[in-house]
Amino acid sequence: MTLKKLTDQNLDKNLKELVSGEREILAEIIFHIIEVECRKLYLKFGYASLFEYLTQHIGYANGSAQRRIDAARLAIVVPKVVGDLESGNLNLSQVSLLQKSIRAVQSDSKTKVDQKTKEDLVDLLSNKSFAESEVVVAQVLDITPMESTKVTNQRDESVRLEVTLSKSQWEKLLKMRELLSNTIPAGSNWGQVLEGAADKVIMLKDKTKENQRTSAKSTRHTIFKNQDTQSNEGRAKPPKPARQHIPISLQRKVFQRDQCCQYMDKVTGRKCESRWHLQIDHIQPVWANGTNTMENLRLLCAGHNQQIYRWQSNITKHH
Ligand SMILES: [Zn+2]
């Protein structure tokens, strides 16, 4: 190998040059990710989120994708982050730590971290080690550093989940275990408690399961049918054409048929298939005389539902 013939000085010099080039490319990548986010390009290409796009389409490992998304999101608010990444004053781990901590503070205490604090933090972390950065971020944002959730897939396909909970979160879990005590065996471990809670949520929320259960019991099915007729007849005012009520029985059929987001990128044929935040969409919009029929209804994830609405309103605006 030619590298073997390099002098120590040249090996060191080459590596420094390569790393500097790597940082330049990283800065370009962050700019590109910001633009992808602005255009919501991942939705167009059939991915439910920027994370899915970067992992499944671009090929980043989960952690690498998340750190770059964190950097892009922080750079949208504090643009000098990109320059600091390029010069090496900051690295991706620090930027990701900062963005994660800001997000945690904002979602936990519902207080907004102001622009000045964000900019100050970016400056404070400059040329610090990761450990020093953790201390600075915890002090400025007044948080106790929380271990991030760790999911480990084990060889028998079981999963080890390590979570750090706040005091109030832990108290809620204990309360939940208490409430579940009559439906789970005494002395259940946390895996069984969580399973019991999951069963309850699935029973309450899973519309496809609900459908299977109701169609299995013909009496229940009749009750639902009656309710639908009643609710349509019982209305004092005729329903507005823009917000026409989709009968619950029809909603269930759509959930059972589709099961996941039906958005497809017409160019690549990639289908989103996300099962997150599913909503029923009219393929031909109601304002364009679209009707409540199985053929005109489909499931979309929230991201695709909103984006399709934006595309449609752009089309009408330009006409
Ligand atoms: Zn989708």
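Given the structure is predicted, the values throughout are model-derived calculations rather than measurements. (Residues numbered from 1 in each chain as written. Predicted model: local features only at pLDDT ≥ 70, side-chain atom pairs only at ≥ 80, totals over all residues.)

Trainee: Which residues make up the nonpolar core, and what values go with them?
Mentor: As a rule of thumb, soluble globular proteins bury nonpolar side chains together. Counting residues in each nonpolar core, the largest one holds 36 residues, and the members touching the most others are Ala-71, Val-81, Leu-98 and Cys-261. Of all the secondary structure elements, the ones that give two or more residues to this core are α1 (8–39), α2 (41–44), α3 (50–58), α4 (62–77), α5 (80–87), α6 (92–108), α7 (115–124) and β4 (297–300). Counting residues per element, this core draws most heavily on α4, which supplies six residues. The two domains that each donate at least three residues to this core are domain 1 (2–140) and domain 3 (207–318). (Core = buried A, V, L, I, M, F, W, Y, C linked by C-beta atoms within 7 Å. Buried ≥ 20, exposed ≤ 12 C-beta atoms within 10 Å, placed from the backbone. Helix = DSSP H or I, 4+ residues; strand = E, 2+ residues; numbered from the N terminus. Domains from an automatic or database assignment.)

Trainee: Tell me about the packing of α4 against α6, and please be specific about residues and values.
Mentor: Running from N to C, α4 and α6 cross one another at 65°; their axes reach a closest spacing of 8 Å. By the angle between their directions, the pair α4 and α6 is classed as roughly perpendicular. Considering the relative orientation of α4 and α6, their crossing is left-handed. On α6, the residues that touch Gln-66, Arg-67, Asp-70, Ala-71, Arg-73 and Leu-74 of α4 are Leu-92, Ser-93, Val-95, Ser-96, Leu-98, Gln-99 and Lys-100. (Axes fitted to C-alpha atoms, helices over the stretch in contact; angles between N-to-C directions. Parallel < 35°, antiparallel > 145°, perpendicular 65-115°, else oblique. Left-handed = near helix turned anticlockwise from the far one by under 90°. Contact = placed C-beta atoms within 7 Å.)

Trainee: Tell me about unusual backbone geometry, residues and numbers included.
Mentor: The backbone of Lys-40 shows a phi angle near 50°, a positive value even though the residue is not glycine. Among the structural elements, Lys-40 can be located in the loop between α1 and α2. For Lys-40, a count of 17 C-beta atoms within 10 Å corresponds to the partly exposed category. Phi is positive for Gln-259, close to 65°, though the residue is something other than glycine. In this structure, Gln-259 sits in the loop between α13 (248–258) and β3 (279–282).

Trainee: Account for the confidence of the model for the protein, naming residues and giving values.
Mentor: Reading fine detail from the predicted coordinates is not recommended where pLDDT is low. The share of residues in the protein with pLDDT of 70 or more is 86%, and the mean pLDDT across the chain is 85. pLDDT under 50 marks residues 213–242. Its contacts with residues more than four places away, or in other chains, come to 15 contacts. (pLDDT = per-residue confidence, 0-100.)

Trainee: Hey, could you go over helix α9 (residues 167–180) for me, with residue numbers and the actual values?
Mentor: In a regular helix each residue adds 1.5 Å, so 14 residues correspond to 20 Å; α9 covers 20 Å between its end C-alpha atoms and thus fits that length. Of all 14 residues making up α9, only zero are buried, and the element is barely covered by its neighbours. (Expected span 1.5 Å × (residues − 1).)

Trainee: Requested: an account of the packing of α3 against α4, with residues and values cited.
Mentor: Direction vectors running N to C along α3 and α4 enclose 135°, while the axes themselves pass 9 Å from each other. Taken together, the axes of α3 and α4 lie oblique to each other. Where α3 crosses over α4, the handedness of that crossing is right-handed. Of the residues in α4, those touching α3 at Leu-50, Phe-51, Leu-54 and Thr-55 are Asn-62, Ala-65, Gln-66, Arg-68 and Ile-69.

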